[in-house]
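# Reading the structure
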Amino acid sequence: MPVTALVSAKSCGVTTSALALTLASKRPSLLAECDPAGGTLRAGFLQGEVGAGQGLYHLAAAERTGPEALAGAFASHLWPLDEAGHRKLLPGLTDPGQAGALSRTWPMLSEVLHVMAEEAGHDVFIDAGRVALESGRLHTSLTPAPLLHQADLVLLVVRGTEQSLTLARHIIEPLRTELAERGSGMDALGLLLIEEGPARAHQVADALKTPVLGALPFEPAVAGFYTNGGRPPRGYARSGLLRHARTATEQLEAAASRRRIQQQYPVRTGSVQISGMLQRLAERGGRRG
Ligand SMILES: Nc1ncnc2c1ncn2[C@@H]1O[C@H](COP(=O)(O)OP(=O)(O)OP(=O)(O)O)[C@@H](O)[C@H]1O
Ligand SMILES: [Mg+2]
């Protein structure tokens, strides 16, 4: 299954869309909340259910011990989003000041996420926050650059509004160059369209010269539930957002498979320690605490 990283130019719906995709996928799924500006699901969707003792920040210390320690910490810091533990969350940073400590953790965390996708069969989604540039390159502490370089797909989330497209125009070229020179190729880049505003998918694709790999409807009630938590709105299970998110996961899987075939790159295999640890986790399912 693919590892898909989601980014935006500015607050377009990365966290909401990543959560929708994770909850909608037909397969086991994992959302890694890796926005260096801090995670919002803990205080929002999860309404404070998960304490600061759980989550991404704690992987930094484990990584310094080695791959097996990181894999173990990763497994123990996952939070199940459903009873069966098929949908899991790695909760994000509670304080943006913690991001610096993660810069050397990203490469090995990326390896762990690929093992979850390719060996443990999870649809993996990364909330990578807003794109921050420094001299035309991805900023090394304000973006989790190694996660973007190694992702099978990088989705720039945009809306069909002039404001959103104007901001996206400035980052699309640097993103493409970054993925061509340091990532898995410029064709890893695609768009996820939130259908707000007048521009249709083909117009957005033309404007940004990038394919639209998925589209989600603009549905404030369901999006508000993902942002703030609480009770799902009426008709949630049949909502357009959930249904289209499910379709989008299939489209993303197909796009990632096409890339793999075109590029003839093999499915990566992780280190023995990481693979073994995560295989046991996959067999066991999620657990709370
Ligand atoms: N499909 C949608 N339909 C309606 N509203 C949406 C949709 N997606 C997101 N929103 C709303 O837009 C706002 C921003 O969404 P979200 O927090 O997901 O953006 P973000 O890109 O993660 O922002 P940030 O960069 O600040 O973390 C929220 O109020 C959310 O409920
Ligand atoms: Mg966000």
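The following paragraphs examine the structure supplied in this document. Residue numbering note: each chain is counted from 1, following its sequence as written. Whichever chain is written first is A, and whichever ligand is written first is 1; the rest continue in order. At least 70 in pLDDT is required for a residue's local features to be given in this predicted model, at least 80 for side-chain atom pairs to be given and counted, and no such filter applies to totals for whole chains, interfaces and linings, which use all residues. The side-chain values count all of the structure's non-hydrogen atoms but skip hydrogen atoms and water molecules.

With that out of the way, let us pick up the pairing of strand β2 (residues 29–33). Looking along a regular strand, one sees the side chains alternate between the two faces of the sheet. Burial here depends on accessible area, computed with a 1.4 Å probe over protein chains only, as a share of the maximum for the residue type. Under 20% is buried, over 50% is exposed, and the range in between is partly exposed. What counts as a helix is a DSSP run of H or I of at least four residues, what counts as a strand is a run of E of at least two, and both are numbered from the N terminus. Counting buried positions along β2 yields five of five residues, so the element is predominantly enclosed. Covered by surrounding structure in β2 are Ser-29, Leu-31 and Glu-33 together with Leu-30 and Ala-32, the residues of both alternating faces. Pairing between two strands requires that DSSP report at least two bridges joining them. Pairing geometry for β2 and strand β4 (residues 87–90), over four bridges, is parallel. When the bridges of β4 are listed, Leu-31 appears paired with Leu-89.

A word on the sheet that holds strand β10 (residues 212–217). A sheet is described by the order of its strands in space; here eight strands give the open sequence β3-β4-β2-β5-β1-β8-β9-β10, paired in mixed fashion. Of all the strands in the sheet, the pair left with one neighbour each is β3 (79–80) and β10. Here strand β1 (residues 3–8) runs beside strand β8 (residues 153–159); their pairing, made up of five bridges, is parallel. Each residue of the ladder has a partner; that of Val-7, found in β8, is Leu-156. By the convention used here, residues are in contact when the closest approach between their heavy atoms is within 4.5 Å. Note on geometry: axes are C-alpha line fits, over the in-contact stretch for helices, and angles between N-to-C directions span 0 to 180 degrees. Helix α1 (residues 14–24) rests against β1, β2, β4, β5 (123–130), β8, β9 (189–195) and β10 of the sheet, and its axis sits at about 175° to β5.

The next subject is the site of ligand 1. Proximity is defined per residue: any heavy atom of the residue falling within 4 Å of a molecule or strand makes that residue near it. Around ligand 1, a shell composed of 16 residues is seen, among which Ser-11, Val-14, Thr-15, Thr-16 and Thr-227 lie nearest. Here a polar contact is taken to be a pair of N or O atoms separated by no more than 3.5 Å, where protein atoms must pair a possible hydrogen donor with a possible acceptor and residues adjacent in sequence count only if both atoms sit in side chains. Ser-11 places a side-chain nitrogen or oxygen 2.8 Å from an oxygen atom of ligand 1. In the model, a nitrogen atom of ligand 1 is placed 3.0 Å from a nitrogen or oxygen of the Pro-217 main chain. Only the protein chains shown count as covering a residue, and every accessible area follows the Shrake-Rupley method with a 1.4 Å probe. Within the complex, the protein chains bury 79% of what would otherwise be the 640 Å² of accessible surface of ligand 1. Listed by contribution, the elements that provide at least two residues to the shell around ligand 1 are α1 and α9 (220–228). In the shell around ligand 1, the residues fall into seven nonpolar, five polar and four charged. Three categories are distinguished: nonpolar for Ala, Val, Leu, Ile, Met, Phe, Trp, Tyr, Cys and Pro, charged for Asp, Glu, Lys and Arg, and polar for the others, with Gly belonging to the last.

This part takes up the nonpolar core. By nonpolar core we mean a set of buried residues, namely Ala, Val, Leu, Ile, Met, Phe, Trp, Tyr and Cys, connected to one another through side-chain atoms within 4.5 Å. One finds Leu-56, Phe-74, Leu-109, Leu-113, Ile-126 and Leu-156 to be the most contacted residues of the largest nonpolar core, which totals 57 residues. It is helix α5 (residues 106–118) that provides the largest number of residues to this core, a total of eight residues. For Leu-113, the contacting residues outside a window of four places in its chain are Val-3, Leu-30, Ala-32, Phe-74, Val-124, Ile-126 and Leu-147. Membership of the second largest hydrophobic core comes to 36 residues, among which are Cys-12, Leu-23, Leu-41 and Trp-79.

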